[in-house]
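# Working through the structure, step by step
Below are the chains, spelled out letter by letter.
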Amino acid sequence: MPSGPSDLPEDPREREIFLRALREYSDNCEPPELTADCPYSVKTGTGMRGCANECMDILARNNAPLSLEETDLGDGLTMRRTKRARARRVNSPVAGAYDAREVYLSDKSTGPPSTWRLAAKLVGLTEIVETPPPSDLVQAANRLADIDELIGEIEARGLMFENHVLPQLRPVVGHAVFRQYFLSASRDPDGAASIPSGWLLAVKQHIESVNSDPEPSAEAMSQGFQGIISTIMNWAMTTSWDQLVNWSPPLPSQTDDTLSPIDNAEGDSWITERFTKTYLSEWSVAALRSEWKYLHGQHLSPCDPSEMRVREVSANDLARVMADRLGADPRPSEHLINMLVRPAVNFLAEDRRTEAAALFEAALRVDPQNAIALNNLGFCLLPDDPEQALRHLDSAIDTGSADVEITNANRVLALVLLGRWTSACDLAAAHLNRHSDSSRREPVWLWDSSPLLRDNAAALITCDDIASYVAALHEVAAAKDGEISLASGGSE
């Protein structure tokens, strides 16, 4: 079987015949037997065949056409349409779930970067660049040397740093600067003293808008946060690599109006997201699309197939995440909102709910229809203003792209806090009817409903069984609703 473009027929018609035949051959190769006479297939056990999806790489490398199928409509009419290509097979269905940091720590413990897998090198590089440059000159030089070594190792594995890696590092560094200097300072009255003078100058006007009032409103804080975020992210997406890696602030002449984002073709940095972001839900829409094309032999990976097999993505899992975000456009605020979750949780744990809410209000200024930000803002407001919280949570559902399980759990709690027992029962029942069989999921932050309802005491919990959380709220609402019904019946 040919292994590259040079091995294919030169005549375009002969080439298309070969590629169509290979596509059909690949689509009809079904597990567990697979196609025994395929020169790439190997015997993996008694009566079992295995492969590394080499045919998919050939198809992607040559932009092969999809298979066609013909349907007889009767009366001599037929309809031809393209068939959806089969997905790459997962070779290790019993393998453990991918964990980016675990891969990195495992390889790091075994030897120098030259022995690491590509995934570990990408995670290691990301971790270093999002760590503040040390003030000690020797340590700073060692940091840059480690970065250069990892970039060299990554490029030796087939990736182009400028196209495949740098676009992903830009938002990572921007978020790290904001988190290190400005979120930390906002939690510490004397924290501004630790911010480098260059960065203070760059965001001077936005800091002044927050500090102009001894007790600034959530509106003022959200405007200040949004201004700081915009300045930092514009810098991160436009500055040179040297300035980025050294966290050098923009020059006074570099304003938001003079900066223009560096263009990056969709999907170029997909490979970096693939290996550094553990959860598919964290991937950008562009990365999800590129992975889908890769799985179906329409996109060629920039690295060796053996590196790709460090992480095997199930087409079903990918389809589920893509369906949840159907119709969504790539949003520049996705990284920002995910980055704000941990600082917001810290604020909430300190009973500083106004500051936590201001973070997501700032995010909504960048992306007003972002379902995650709407849900998170509603969540922050729940203990103090459940009515306003409910409006934001309903807006999240109205976008059509919310995580329905999480947002509904928050909506039911809001209805309970408002004493709207019948509405709470109805929503909880509808939710449980649809999601009662949902499997446990990655833990999420929720409010502990018992102390909140009993003493108005706000405490956070982590929950991986949202159905049980909603069921408990349903029980409370049903009991209260029953009490009101009995009281009404007794008064008649």
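Preceding this paragraph is the structure being described.
What counts, and where the lines are drawn
- Residues numbered from 1 in each chain as written.
- Predicted model: local features only at pLDDT ≥ 70, side-chain atom pairs only at ≥ 80, totals over all residues.
- Heavy atoms only, no water.
- Axes fitted to C-alpha atoms, helices over the stretch in contact; angles between N-to-C directions.
- Helix = DSSP H or I, 4+ residues; strand = E, 2+ residues; numbered from the N terminus.
- Parallel < 35°, antiparallel > 145°, perpendicular 65-115°, else oblique.
- Left-handed = near helix turned anticlockwise from the far one by under 90°.
- Contact = heavy atoms within 4.5 Å.
- Nonpolar A, V, L, I, M, F, W, Y, C, P; charged D, E, K, R; others polar.
- Salt bridge = Lys/Arg side-chain N within 4 Å of Asp/Glu carboxyl O.
- Buried < 20%, exposed > 50% of the residue type's maximum accessible area, 1.4 Å probe, protein only.

## Overview of the packing of helix α19 (residues 404–417) against helix α20 (residues 421–435)
Helix packing geometry: the angle between the two helix axes and the distance between the axes. One way to put it is that α19 packs onto α20 with a least axis distance of 8 Å and a crossing angle of 160°. Taken together, the axes of α19 and α20 lie roughly antiparallel to each other. In the packing of α19 onto α20, the handedness of the crossing is left-handed. Residues V404, E405, N408, R411, V412, L415 and V416 of α19 form the contact with α20, whose participating residues are W421, S423, A424, L427, A428, H431 and H435. Taken together, the residues of the contact of α19 with α20 sort by class into 8 nonpolar, 4 polar and 2 charged.

## Details of the packing of helix α3 (residues 100–108) against helix α4 (residues 118–129)
At their nearest, the axes of α3 and α4 sit 8 Å apart, and the two run at 100° to each other. Considered as vectors, α3 and α4 are oriented roughly perpendicular to each other. Where α3 approaches α4, its residues A100, R101, V103, Y104 and D107 are matched on the opposing element by A119, A120, V123, G124 and E127. When grouped by side-chain class, the residues that make up the contact of α3 with α4 number 6 nonpolar, 1 polar and 3 charged.

## Quick look at the pattern of salt bridges
All chains considered together, the criterion is met by 13 salt bridges. As a salt-bridge pair, R179 and E130 come within 3.8 Å of each other at their nearest N and O atoms. Separated by 49 residues along the polypeptide, R179 in helix α6 (residues 161–186) and E130 in the loop between α4 and α5 (137–156) bring together distant segments of the chain. Take R179: its relative accessible area is 32%, and that puts it in the partly exposed class. Judged by relative accessible area, E130 falls into the partly exposed class, the value being 30%. Residues E355 and R352 are paired through a salt bridge, measuring 3.0 Å at the closest nitrogen-oxygen approach.

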